[in-house]
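Chain and residue survey
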Amino acid sequence: MTTLVVVRKNSEVAIAADSLTTFGDTRLSAQFDSTYDKIVHHKGTYIALCGSAAHQLVFESLLAKHEDFDFSTKRAIFETFRKLHPILKEQHFLNPKEEEDDPYESTQVTALIANASGIFGVYSMREVFEYTKFWAVGSGREFALGAMNSQYQRMRTATAVATAGIEAGAMFDKNSALPMTLYMLPLK
């Protein structure tokens, strides 16, 4: 899968991702992948996507066509993903089924978002969380969370904490690898 992290510290936010793509037991490392960056940029917002490799192309296409998407607040992100869901189903043939007893159709997306407003996470039922310090998703999340938790008070910048998280994920998770991509921006 992957390791993705977001960090908020002092007056900056950082978002980072490993670069490995896996297909079952096959690993596509950055040296063989000309587009290994798992983070999409849209009008001052960075979105790191977890799950199917198809998500990246779908989101790049959607963001290019829909300039009105808003990622500035928790509520705005929820409304954006609510608007995205029918588009994903109708235009991109999303399979919205996960578990039989799920209360809502799944968007099949897990994402971390960073922008000048803060750091956020979005999950498959369009749940949105705003984080105060840091968070991680993907198969390497437990390693990343542990590393970031142990280093958050010691390190001075969001970039340093995010780097520690991705490096831990890449070190211990079999589905994550370096190099990483990392973006930093100032908070409002």
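Attention here is on the structure that accompanies the text. (Residues numbered from 1 in each chain as written. Predicted model: local features only at pLDDT ≥ 70, side-chain atom pairs only at ≥ 80, totals over all residues. Heavy atoms only, no water.)

Bringing the sheet that holds strand β2 (residues 12-17) into the picture now. With respect to topology, four strands assemble into an open sheet ordered β10-β1-β2-β11, the strand pairing being antiparallel. A strand with exactly one partner marks an edge of an open sheet, and here the two such strands are β10 (134-137) and β11 (181-186). Neighbouring strand axes in the sheet, compared pairwise and without regard to direction, differ in orientation by 10 degrees on average. Taken together, the four bridges between strand β1 (residues 4-9) and β10 define a ladder with antiparallel strand orientation. Paired with V7 across the two strands is F134, which belongs to β10. (Pairing = 2+ DSSP bridges. Helix = DSSP H or I, 4+ residues; strand = E, 2+ residues; numbered from the N terminus. Axes fitted to C-alpha atoms, helices over the stretch in contact; angles between N-to-C directions.)

Before going further, it helps to spend a moment on the pattern of salt bridges. Under the defined criterion, the tally for this structure stands at three salt bridges. Across the pair K38 and D18 runs a salt bridge whose closest N-O atoms are separated by 2.9 Å. Of this pair, K38 sits in the loop between β4 (26-28) and β5 (39-42) while D18 sits in the loop between β2 and β3 (21-23), and the two are 20 residues apart along the sequence. For D18, a relative accessible area of 0% gives the class buried. Across the pair E79 and R82 runs a salt bridge whose closest N-O atoms are separated by 2.7 Å. Of this pair, E79 and R82 both sit in helix α2 (residues 74-92), three residues apart, roughly one helical turn. The class of E79 is partly exposed, set by a relative accessible area of 25%. Assessed through its relative accessible area of 42%, R82 is described here as partly exposed. (Salt bridge = Lys/Arg side-chain N within 4 Å of Asp/Glu carboxyl O. Buried < 20%, exposed > 50% of the residue type's maximum accessible area, 1.4 Å probe, protein only.)

What follows is about the sheet that holds strand β8 (residues 118-122). The five strands lie next to each other as β5-β6-β7-β8-β9, forming an open sheet whose pairing is antiparallel. Each end of this open sheet is capped by a strand with a single partner; those strands are β5 and β9 (128-131). Along the sheet, successive strands turn relative to each other by an average axial angle of 20 degrees, direction set aside. Contacting β7 (110-115), β8 and β9, α2 runs over the sheet at an angle of about 35 degrees to β8. (Contact = heavy atoms within 4.5 Å.)

Once that is clear, we can look at a nonpolar patch on the surface. A cluster of nonpolar side chains, F143, M171 and F172, forms an exposed patch at the surface whose accessible area comes to about 350 Å². The exposure class of M171 is exposed, given its relative accessible area of 61%. (Patch = residues over 30% accessible without salt bridge, like charges linked within 9 Å, V, L, I, M, F, W, Y side chains within 5 Å. Areas by Shrake-Rupley, 256 points an atom, 1.4 Å probe, with all protein chains shown as cover.)

Here α2 spans 25 Å end to end across 19 residues, near enough to the 27 Å set by a 1.5 Å rise per residue. Every buried residue of α2 is listed here: A76, I77, T80, F81, L84, H85, I87 and L88. Residues of α2 that are buried sit in contact with α1 (54-65), β7, β8 and β9. Of the residues flanking the end of α2, it is F93, one or two places downstream, whose phi is positive at about 60 degrees. (Expected span 1.5 Å × (residues − 1).)

Let us now look at the pairing of β1. Most of β1 is tucked away: five of the six residues are buried. The pairing of β1 with β2 spans six bridges and is classified as antiparallel. Along β2, the bridge assignment pairs V5 with A16.

In short, the description is geometric, and any link to function would need to be established separately.
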